[in-house]
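# Architecture and fold: a report
Now for the letters of each chain:
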Amino acid sequence: MITTGLIHHPPAASKLVTSFAGSLHSKTRNAHLIAKKVEGLDTYTWNRIIKGYLEESDPKNAILVYTCVKKMGLKVDSYTLLFAVKACGLVPEICEGEQVHGQLYKLGFVSELIIQTALLTMYGLFDKVRCVQQVFDETPHRDIVMWNSLLAAYVQQDYHSQALAISHEMVKDNMKLNEMTVVSILSACSALRDLRMGTMIHGFVIRNSLDMDVFVQNALIGMYLKCESLSKARVIFQTMGARNVVSWTSMINGFSDNNYLSEALDLFREMESRNIKPDEITLLGMVSTCSKLGSFELGEWIDKYVERTAFGKNCIPMANALMDMHAKCGNINKACQIFDEMMEKTMVSWTTIIHGLALHGHGMPALIRFCQMQREGFKPDGVVFLNILSACSHAGLVDEGKKCFDSMMNDYGIKPWMEHYGCMVDLLCRAQLINEAFEYILHVPFKPDEIIWRIFLRGCQSQGDLGLASRVMGNFPEHGRRGCEDYILLSNLYATVAEWDCVNEIRKKMKVAGVIKWSPGYSSIQP
């Protein structure tokens, strides 16, 4: 075509450009280079180039071509604008999308349903729920696709109650709900733990013979698991014709979240035996399960399993989860090794390793990590300070704990939570500074909760300071509202100083109040 001169003939050049743009081998750039050298190409040809860039996940060039088309003075059609809006939803900033939205009004395309739906979806991708609602309200005629896009936008932004209200409006508007609608509604029911509504939707699917595809079944499984109805989730899972990795992952994580840890482990092994490859979410769920079981051997097993997969320790969420698991399974050295080998660390990484060190009573190493974190430019938050105060408490680092508490308020402007004051009281009580701990309690800017008083009274018990303890007993809940541990604590306190009459009196009050120790302590040893 170049040698014959046909390359400059618009009809022939148009066919060449569209064939390149529609190629399966990512040749849109070639199509674009040709089109720039040919005069007189029509809107259809340029639309194919914009669409080609979209299909190749290159939204920036798609928007660039759209802008060039506008500058050339070509008349854009609904397809041009549709592709432009879709491209705007895939770039980091919303400004291009807002500009295209404005051009839609000027060009008179506001009544085009397919464009309005794309516009609604675009705003949903940028978390602009108000704009989503505005576009929906301004559209005179809406179909089920637009309703579903609105519903999905509200669900994705965690406006679950509003999403259910929208589903009721769909029914009032005589919309025929389809599988996409059902999946969104079930997602909202899962988040709200609304078993009643979720069960009604399940019944609706059966009565209306909707396609019970894998997406609907996965949504039903997720809803029942979130609502702690494991038996119904298991029935759906077992009757599924085809299960994908999401189906298995939902069941495994559902069992784990409801503390059926052995069942979750067995299900993962069954998944393996069926040659279904787990994804990152599956493995994160299994790491969490092993963490809850607290087994050193299981921790080593899942660590090696992750090492063999593509989701190794270079994946930051996986490395963070493995660190937490090893710390809880008693292998703090392995947790530190993973942390040190991480190429990139996040705030969660620092929080996790400091928490793990605190859990093992390694106060000074936790403080070293804390200082290192600050040197590397990470600004500690309230959770990090809570962990570092806990580390100081377990290691008896009184001065360091005080400095961290003061730094939290003075250097970082963080208002202490009740838990921070609880850590300080625990730190001082462990160091036998009971009077100083009492002063901290008196200066708490809000009413101390029962946990702080329990910590303090245990400190009084360890030192046999009945006089100071008697001053604070009135801060416990009144008779009839005390928990079992409150009565036991008071009884043990009197027993420490041999006040046996008071011990008997406390025991009598427990009987009168009907307080029973329902949950005795237990130990668990993994074989």
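What comes next concerns the included structure. Going along each chain's sequence as written, the residues are numbered from 1 onward. Side-chain atom pairs in this predicted model are given and counted only at pLDDT of 80 or more, local residue features only at pLDDT of at least 70, and totals for whole chains, interfaces and linings cover all residues. Computation of side-chain values: all heavy atoms of the structure, hydrogens and water removed.

## Focus on the overall build of the chain
Counted only if it meets this: Runs of H or I in DSSP of at least four residues are treated as helices and runs of E of at least two as strands, each being numbered from the N terminus. For the exposure calls, accessible area comes from a 1.4 Å probe over protein chains only, and a residue counts as buried if that area is under 20% of its type's maximum, exposed if over 50%, partly exposed in between. Residues count as neighbours in contact if any of their non-hydrogen atoms are within 4.5 Å of one another. Working definition of accessibility: Shrake-Rupley area with a 1.4 Å probe, residue cover restricted to the visible protein chains.
Secondary structure summary: the chain contains 30 helices and 0 strands in total. Expressed as lengths along the three principal axes of its C-alpha atoms, the size of the chain is roughly 110 × 60 × 50 Å. Relative to its 527 residues, the chain shows a buried fraction of 46%. Long-range pairs, those at least 24 residues apart, make up 59% of the contacts in the chain between residues at least 6 apart in sequence. Total accessible area on the chain is roughly 27500 Å²; 53% of this is exposed by carbon and sulfur atoms.

## Focus: the pattern of salt bridges
Heads up, the condition is: The salt bridge criterion pairs a side-chain nitrogen of Lys or Arg with a carboxyl oxygen of Asp or Glu, the two atoms within 4 Å.
On inspection of all chains with the given rule, the structure shows 9 salt bridges. In this structure, glutamate 169 and lysine 172 form a salt bridge, with 3.9 Å as the shortest nitrogen-oxygen distance. Taken together, the positions of glutamate 169 and lysine 172, both in helix H10 (residues 160-172) and 3 residues apart, correspond to about one turn of that helix. We classify glutamate 169 as partly exposed; its relative accessible area is 40%. Its relative accessible area of 63% is what places lysine 172 among the exposed residues. Among the salt bridges present, the one from aspartate 324 reaches lysine 328, with a minimum N-O distance of 3.1 Å. In this pair, aspartate 324 and lysine 328 are both assigned in helix H19 (residues 316-328), 4 residues apart and thus about one turn of the helix distant.

## Topic: helix H9 (residues 144-156)
The following threshold applies: Take the residue count of a helix, subtract one, and multiply by 1.5 Å to get its expected span.
Compared with an ideal rise of 1.5 Å per residue, which puts 13 residues at 18 Å, H9 spans 18 Å between its outermost C-alpha atoms and is within 8% of the ideal. For H9, the set of buried residues is Ile144, Met146, Trp147, Asn148, Ser149, Leu150, Leu151, Ala153, Tyr154 and Val155. Taken together, the buried residues of H9 touch helix H7 (113-125), helix H8 (129-138), H10 and helix H11 (179-192). Of the residues trailing H9, aspartate 158 is marked for its positive phi of about 65°.

## Looking at the environment of proline 365
Mapped onto the fold, proline 365 is located in helix H22 (residues 363-375). Along the primary structure proline 365 and isoleucine 354 are separated by 11 residues, whereas in three dimensions their C-alpha atoms are 8.3 Å apart.

## Topic: the packing of aromatic side chains
This is how it is decided: Centres within 6.5 Å are what make two rings of Phe, Tyr or Trp a pair, Trp counting through its six-membered ring; a difference in plane orientation under 30 degrees is then read as stacked, over 60 as edge-to-face, and the rest as tilted.
Under the criterion given, the structure shown has 16 aromatic pairs. Between tyrosine 79 and phenylalanine 83, the ring centres sit 6.3 Å apart and the planes meet at 40°, which makes this aromatic pair tilted. Here tyrosine 79 and its partner phenylalanine 83 are both found in helix H5 (residues 78-88), 4 residues apart, which amounts to about one turn of the helix. On the accessibility criterion, phenylalanine 83 (11% relative accessible area) is buried. Between the aromatic rings of tryptophan 301 and tyrosine 305, the centroid separation amounts to 6.1 Å while the plane-to-plane angle is 50°, which identifies the pairing as tilted. On the criterion of helical spacing, the pair formed by tryptophan 301 and tyrosine 305 is a turn pair, its members being 4 residues apart in helix H18 (residues 296-308).

## Side note on unusual backbone geometry
With a phi close to 60°, aspartate 127 is a non-glycine residue in the positive phi region. Phi is positive for serine 209, close to 55°, though the residue is something other than glycine. Locating serine 209 in the fold gives a position in the loop between helix H12 (195-207) and helix H13 (214-226). Judged by its relative accessible area of 63%, serine 209 falls in the exposed class.

## Re the side chain of threonine 352
So the rule is basically this: In the analysis that follows, any N or O atom pair within 3.5 Å is treated as a polar contact, provided that within protein one partner can donate a hydrogen and the other can accept it, and provided that, for residues neighboring in sequence, both atoms belong to side chains.
As for its position among the elements, threonine 352 is in helix H21 (residues 347-359). In this structure the side chain of threonine 352 is engaged in a polar contact, spanning 2.6 Å, whose partner is the backbone oxygen of valine 348. When residues no more than four places from it in sequence are discounted, the contact partners of threonine 352 are Asn320, Met323 and Asp324.

## Comments concerning the environment of lysine 415
Assignment of secondary structure puts lysine 415 in the loop between helix H24 (398-410) and helix H25 (418-430). Between the C-alpha atoms of lysine 415 and glycine 382, which are 33 residues apart in sequence, the distance is 8.3 Å.

## Details of the layout of surface pockets
With a probe scaled to a water molecule rolled over the atoms, the places where space remains empty come into view. The cut-off we apply is this: Buriedness of a pocket was judged along seven lines, with at least five required to meet protein on both sides within 12 Å; pockets are open sets of points on a 1 Å grid over the protein atoms alone, cavities are sets where a 1.4 Å probe fits but cannot get out, and lining residues have an atom within 4 Å of a point. Grid points are joined across faces, edges and corners, and a volume is the space filled by probe spheres set on the points. Under the scheme applied here, ten amino acids are nonpolar (Ala, Val, Leu, Ile, Met, Phe, Trp, Tyr, Cys and Pro), four are charged (Asp, Glu, Lys and Arg), and all others, including Gly, are polar.
Here the largest pocket defines a volume of roughly 610 Å³. Along the walls of the largest pocket sit 23 residues, with Asn218, Gly222, Met223, Lys226 and Ser250 positioned nearest its centre. Put simply, the parts of the chain that give the lining of the largest pocket at least two residues each are H11, H13 and helix H15 (245-257). In terms of residue count, H13 provides more of the lining of the largest pocket than any other element does, 7 residues in total. Of the residues assigned to the lining of the largest pocket, the class counts are 8 nonpolar, 10 polar and 5 charged.

Nothing here speaks to function; it is all geometry.
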